[in-house]
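Below are the chains, spelled out letter by letter.
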Amino acid sequence: MASADVVSRKREELRCCPLGHDGRDVALFNLAEAFFDRYRKEYKTDDLNEAISFYRDALELRPVENNDRALTLNDLAVCLSNRYDRHGLVDDLEEAITLGRAALDLRPSGHPYRDVSLQNLAYCLSRRFMKKAAICDLEEAIELNCSALELLPATHPQRFLSVHKLAFCLSNRYDRHRLDDDLEDAITLGRAALDLCPPGYPDRDTFFFNLACTFQRRFAKKAVIRDLEEAIELHRSALELRPPGHANRSSTLHQLANCLSDRYDSHGLVDDLEEAIMHGRAALDLRPLGHPDRDTSLVSLACNLQRKFVKKAVIHDLEEAIELLRSALELCPPGHPAQSSVLHHLALCLSNRHDKLGTVGDLEEAILFGRAALDLRPPGHPNRGGTLHNLGCNLRTAYANKAAIHDLEEAIELFCSALELHPSGHPHRSQTLRTWSLSGA
């Protein structure tokens, strides 16, 4: 109600400043600000659109020589960035970047708000990197965030935001280039940002979540269990701050499930697997048809149900895994980056069901999907070795059933190729050697 009163009051002030009035630009700016403040409280798109419209009108009345032009450019860019985050229209993001650059040009070294423009432009560039994957955007975002940090003393109340954003950018650059220094710096900065983030800050959950994901990356790289333990605790903290109804709850549930699944693989504790499945189901419920990450949740839940089948041999777990993977495959048409993973896991589950029930159709389909997955994992693909091994196993089983020598010959050829990708010391080498020996090679 208070927000509505402010908007009404600012509308009346604008009515008192008709076209040509010296204070009209101020009245327009203040009304835009009131709408944006209300948007940040109530998240109604109409308020954001009104704010953008009135900021545009104010900007037209504030030429380059106007002292408040930089502020108007900055605030309009922020609104457009918010609308991009809400609706995903790339034109909004592109305009936000253009306006952000213009605002920064009007805030040279020594300007009291230069750090604000540096941070806002860096954020928009990092968002464009997430959309278009142009590394130059990420590099510029890192440079801008570093420049902003240089302007913020250790005691500055907003320093934690710049630290957090820089950590996020470095984590993304690690994903691209795999440089250990980026990963270590991202963890150090992520810890510092979380320590500096005041209790009660509305986006504190994001600090927990991003740092947890960075620890997951380091666990995947170095397999140090304490990194996984810390990731789990951080995701649990994030989940507490993302109650039912929170827009990002599904992401936390999904990543927490992944971490618990990884810990199950490491320690074999069934409670971890059961909890991973529980969180995976909850994440999937929050990602209905049409959600961009539904396929990811389908695959992750299916893989955990397949793990549970391997552990407990309850067939309905495997049946559900197969059903989930078929649903995922429908969401991953040719060209989709996740198609090879879905095909690989579906082949594995069908092979498991053949081993359990002896249905020939399952084995034939497993081979079909295994070949399709292998076609999508050419030499150099990080997961080619596993697909070679699994397809070889299925062809060896087909030979055992039908005694067709070409199946055995192809299986041996695939095992040889897998061994080349699993040199001495590789965690999967002994399994491939054992399977190859059972083929009679």
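The residue count restarts for each chain, going from 1 along the sequence in the order it is written. Side-chain atom pairs in this predicted model are given and counted only at pLDDT of 80 or more, local residue features only at pLDDT of at least 70, and totals for whole chains, interfaces and linings cover all residues. Excluded from the side-chain calculation are hydrogens and water; included are all heavy atoms of the structure.

Draft legend 1. Just the overall build of the protein, in detail. Helix and strand content of the protein: 20 helices and zero strands. With respect to the three principal axes, the spread of C-alpha positions in the protein is 95 × 40 × 35 Å. To sort residues, take the accessible area from a 1.4 Å probe on protein chains only and compare it with the maximum for the residue type: under 20% means buried, over 50% means exposed, and anything in between is partly exposed. Taken over 441 residues, the protein has a buried fraction of 46%. A separation threshold of at least 6 residues defines the contact pool for the protein, and within that pool the share at least 24 residues apart is 57%. Just so you have it, the protein exposes about 21,800 Å², and 53% of that area is on carbon and sulfur atoms. Side chains of the protein give 54 positive and 66 negative charges; the mean places of these two sets differ by 2 Å. Numbering goes from the N terminus for both helices and strands, where a helix is a DSSP run of H or I of at least four residues and a strand is a run of E of at least two. Contacts: residue pairs with any heavy atoms within 4.5 Å of one another. Accessibility throughout is a Shrake-Rupley quantity obtained with a 1.4 Å probe, and a residue counts as covered only by protein chains that appear here. Only four residue types enter the charge count, namely Lys and Arg as positive and Asp and Glu as negative; His and the chain termini do not. By convention, the point assigned to a charge is CZ for Arg, NZ for Lys, CD for Glu and CG for Asp.

Draft legend 2. Here's a closer look at unusual backbone geometry. For Y43, which is not glycine, the phi torsion reads 55° and is therefore positive. Relative to the assigned elements, Y43 resides in the loop between helix 2 (24-42) and helix 3 (45-60). Take Y43: its relative accessible area is 51%, and that puts it in the exposed class. Of note, the phi angle at R178 is positive, near 60°, even though the residue is not glycine. You can see R178 is positioned in the loop between helix 8 (159-177) and helix 9 (180-196).

Draft legend 3. Structural context of the packing of aromatic side chains. Stacked, edge-to-face and tilted are the three classes for Phe, Tyr and Trp ring pairs, Trp counted by its six-membered ring, which pair at centre distances within 6.5 Å; planes under 30 degrees apart are stacked, over 60 edge-to-face, the rest tilted. Applying the stated rule across the entire model yields seven aromatic pairs. Seen from their ring centres, F29 and Y55 are 5.4 Å apart, and the 65° between their planes marks the pair as edge-to-face. Taken together, the positions of F29 in helix 2 and Y55 in helix 3 put the pair 26 residues apart, joining distant regions of the chain. Like F29, the residue Y55 is buried in the burial classification. Ring geometry for F160 against Y201: centres 5.0 Å apart, planes inclined by 85°, an arrangement best described as edge-to-face. Here F160 is found in helix 8, whereas its partner Y201 is found in the loop between helix 9 and helix 10 (204-222), with 41 residues between them in sequence. Residue F160 is classed as buried on the basis of its relative accessible area of 4%. A relative accessible area of 22% means that Y201 is categorised as partly exposed. Here, a charge over a ring is recorded when the distance from Lys NZ or Arg CZ to the ring centre is within 6 Å and its angle to the ring normal is within 35 degrees. The aromatic ring of F209 is capped on one face by R242, whose charged end is 4.8 Å from the ring centroid.

Draft legend 4. Expanded view of helix 14 (residues 294-312). For helix 14, spanning 19 residues, the distance from its first C-alpha to its last is 27 Å, which sits close to the expected 27 Å at 1.5 Å a residue. Most of helix 14 sits out of view: 14 of its 19 residues are buried. Just downstream of helix 14 lies A313, where phi reads positive at about 60°. One less than the number of residues in a helix, times 1.5 Å, gives the span that helix is expected to have.

Draft legend 5. Layout of helix 5 (residues 90-105). Relative to the 22 Å expected for 16 residues at 1.5 Å per residue, helix 5 spans 23 Å between its end C-alpha atoms, a close match to the ideal helical length. Restricting attention to buried positions, one finds in helix 5 the residues D92, L93, A96, I97, L99, G100, A103 and L104.

Draft legend 6. Region of interest: the packing of helix 2 against helix 3. Each axis is a line fitted through C-alpha atoms, and for a helix only the stretch in contact is used; angles between axes span 0 to 180 degrees, taken between their N-to-C directions. Where helix 2 meets helix 3, the closest approach of the two axes is 8 Å, and the angle between their N-to-C directions is 160°. Comparing the axis directions of helix 2 and helix 3 gives the class roughly antiparallel. Crossing handedness for the pair helix 2 and helix 3: left-handed. Counting all contacts with helix 2, which are made through D25, L28, F29, L31, A32, E33, F35, F36, R38, Y39 and E42, the residues of helix 3 involved are T45, D47, L48, E50, A51, F54, Y55, D57 and A58. Residues are grouped as follows: Ala, Val, Leu, Ile, Met, Phe, Trp, Tyr, Cys and Pro are nonpolar; Asp, Glu, Lys and Arg are charged; every other residue, Gly included, is polar. When the residues that make up the contact of helix 2 with helix 3 are grouped by side-chain class, the tally is 12 nonpolar, one polar and seven charged. For classification purposes, angles smaller than 35 degrees are called roughly parallel, those larger than 145 roughly antiparallel, those between 65 and 115 roughly perpendicular, and all remaining angles oblique. With the far helix as reference, a near helix turned anticlockwise by less than a right angle produces a left-handed crossing, and one turned clockwise produces a right-handed crossing.

Draft legend 7. Broad picture of the side chain of H279. When you line up the elements, H279 lands in helix 13 (residues 270-285). Not counting residues up to four positions away in its chain, the partners in contact with H279 are R236, L239, L253, L256, A257 and L260.

Draft legend 8. Fine view of the side chain of T387. Looking at the secondary structure, you find T387 in helix 18 (residues 384-402). Here a polar contact means two N or O atoms within 3.5 Å. Within protein one must be a hydrogen donor candidate and the other an acceptor candidate, and residues neighboring in sequence count only if both atoms are side-chain atoms. A distance of 2.7 Å separates the side chain of T387 from the side chain of R377, its partner in a polar contact. Leaving out residues up to four positions away in the same chain, T387 has contacts with H344, G370, A373, L374 and R377.

Draft legend 9. How the structure looks around the environment of A70. With respect to the helices and strands, A70 occurs in helix 4 (residues 69-87). Each C-alpha atom, one on A70 and one on G190, is 31 Å from the other, the two residues being 120 residues apart in sequence. A70 has contacts with A103, L106 and R107, leaving out every residue within four places of it along the chain.

In short, geometric facts, not functional conclusions.
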